[in-house]
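Survey of secondary and tertiary structure
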Amino acid sequence: LSQLPGWSVRPDGSIVIATGNDDALGLYRCTPYNSYGTAGESRPTRVLLKDPPAFTVRPKEEYFQEVGRELVIPCAAHGDPPPTITWVKVGSVGKSSAQVDGNSSLVLHPLIKEQHGVWECTATNQVASVTTATSVHVLGTSPHAVTNVSVLPLLLAANISWEPGFDGGYFQRFSVWYTPLVRYPPRAHHDWVSLSVPVGAQHLLVENLQPDTSYQFSVLAQNKLGSGPFSQIVTSVPRGKGAPQNTPVPPEPPAMTVHVFLSPPRALTANETVRGVLLRWDPPARASVALSGYALELRQDKGGWEVLERSIPATDTQVLVPGLIKDAFYEFRLVAFAGSYISDPSNTVNVSTAGMEVYPSRTQLPELLPQPVLAGVIGGICFLSVAVIFSTMAACIMNRRRAARVRKRRQGTSRGGDR
């Protein structure tokens, strides 16, 4: 072995070959021995040279694609033996909905918001595994949740900062939501106090807080398509006014992140009835506190999400939606409230009223009147109002002219009589 550079024998008898090349090919046997001799050599083992995987086609660093469309990301590698290509989304839990075609390319069709993030392509054979990564940006969605929310307790105030999530391809704005922790049941997010954040800022000073009172803070991102999920809830206690110098100041309680376990409502379905669309669902699978209710959101013809009903009892698992407009496309989703917490939205169900025997019910759902129809109604009212005004003015002018002619005739008659 001394004649082969990079070869050595360990104390346990193993051979170390620093660089594998053609010199290492062949059959090997090991013969143990001591002062009494040997019991014989081992069974032969064959050394083969194999190539680890190497990428021949790498994905780009990042991809941008509209939601609902198809995105194909290539990835290919060679080796001996030929490697197996696998794709996985970093941080995903459970099985991914992605597919891999015959060329080992990642196929995302249709592209959904949840597929936004970092994807890894791994090539594996018996020799080694190699990995490359790419970032997928899904455009045309509501914003993603902000991250790394922190709260700095101040004198009767708190400074909240965060890192923005992906904006969904549109300009996003932020709002800070907060509520005091009290003994009576806490309120859900839609009843919290909210403060708008100045454009471009990633922090906000919340003032006029009560001393020695625990507060919960959360950050919400919004863009033209709607709101993203709330951030994690952070609990903090603002500082009170300074104590006397002789009195030691107690240490500030550290801010802590509360991990909330509230899964979204499950299995939302929609069925047409003679009275409207009946929505049914299953309660959340997990909730860290007792469920307090649901809120129903809808959007029409891919517009922005709006809250249709915000006080559905926690015991209900269905709701009837009457008063839809004919020949329109609706999407519905649910969120659950449990104590101070709000869940992510449920699955979305689509309802098309093309050909359905449903008509608008303005008394029940006035907000469902489409904007073009509403604009037409308002325009018609304005036109009628202007027509009435012009008619009145014309009648007044005609009456005045008629009265003037009558006066002239009378004056002319009186003058002729005088003559």
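Details of the structure are given in the entry above.
Heads up: these notes are all about the structure in this document. (Residues numbered from 1 in each chain as written. Predicted model: local features only at pLDDT ≥ 70, side-chain atom pairs only at ≥ 80, totals over all residues. Heavy atoms only, no water.)

Section: the overall build of the protein
Helix and strand counts for the protein come out as 1 helix and 30 strands. Per-residue burial for the protein yields a buried fraction of 32% across its 419 residues. Considering only contacts within the protein whose residues lie at least 6 apart along the sequence, 61% involve residues at least 24 apart. Of the roughly 26,200 Å² of accessible surface on the protein, 54% is carried by carbon and sulfur atoms. (Helix = DSSP H or I, 4+ residues; strand = E, 2+ residues; numbered from the N terminus. Buried < 20%, exposed > 50% of the residue type's maximum accessible area, 1.4 Å probe, protein only. Contact = heavy atoms within 4.5 Å. Areas by Shrake-Rupley, 256 points an atom, 1.4 Å probe, with all protein chains shown as cover.)

Description of the state of the cysteines
One covalent bond between the sulfur atoms of two cysteine residues makes up a disulfide. Tallying each qualifying case throughout the model produces 1 disulfide. With its sulfur 2.0 Å from that of its partner, C75 forms a disulfide with C121. Torsion about the S-S bond of the C75 and C121 cystine: about -85 degrees, corresponding to left-handed handedness. Taken together, the positions of C75 in the loop between β7 (71-73) and β8 (76-78) and C121 in strand β12 (residues 117-124) put the pair 46 residues apart, joining distant regions of the chain. Given the relative accessible area of 1%, C75 is considered buried. A residue is classified by how much of its surface remains accessible, and C121, at 0% relative accessible area, is buried. (Disulfide = S-S within 2.5 Å.)

Quick look at a nonpolar patch on the surface
A cluster of nonpolar side chains, namely V386, I389, F390 and M393, defines an oily patch on the protein surface of about 410 Å² accessible area. Inspection of the secondary structure assignment puts I389 in helix α1 (residues 371-418). (Patch = residues over 30% accessible without salt bridge, like charges linked within 9 Å, V, L, I, M, F, W, Y side chains within 5 Å. Salt bridge = Lys/Arg side-chain N within 4 Å of Asp/Glu carboxyl O.)

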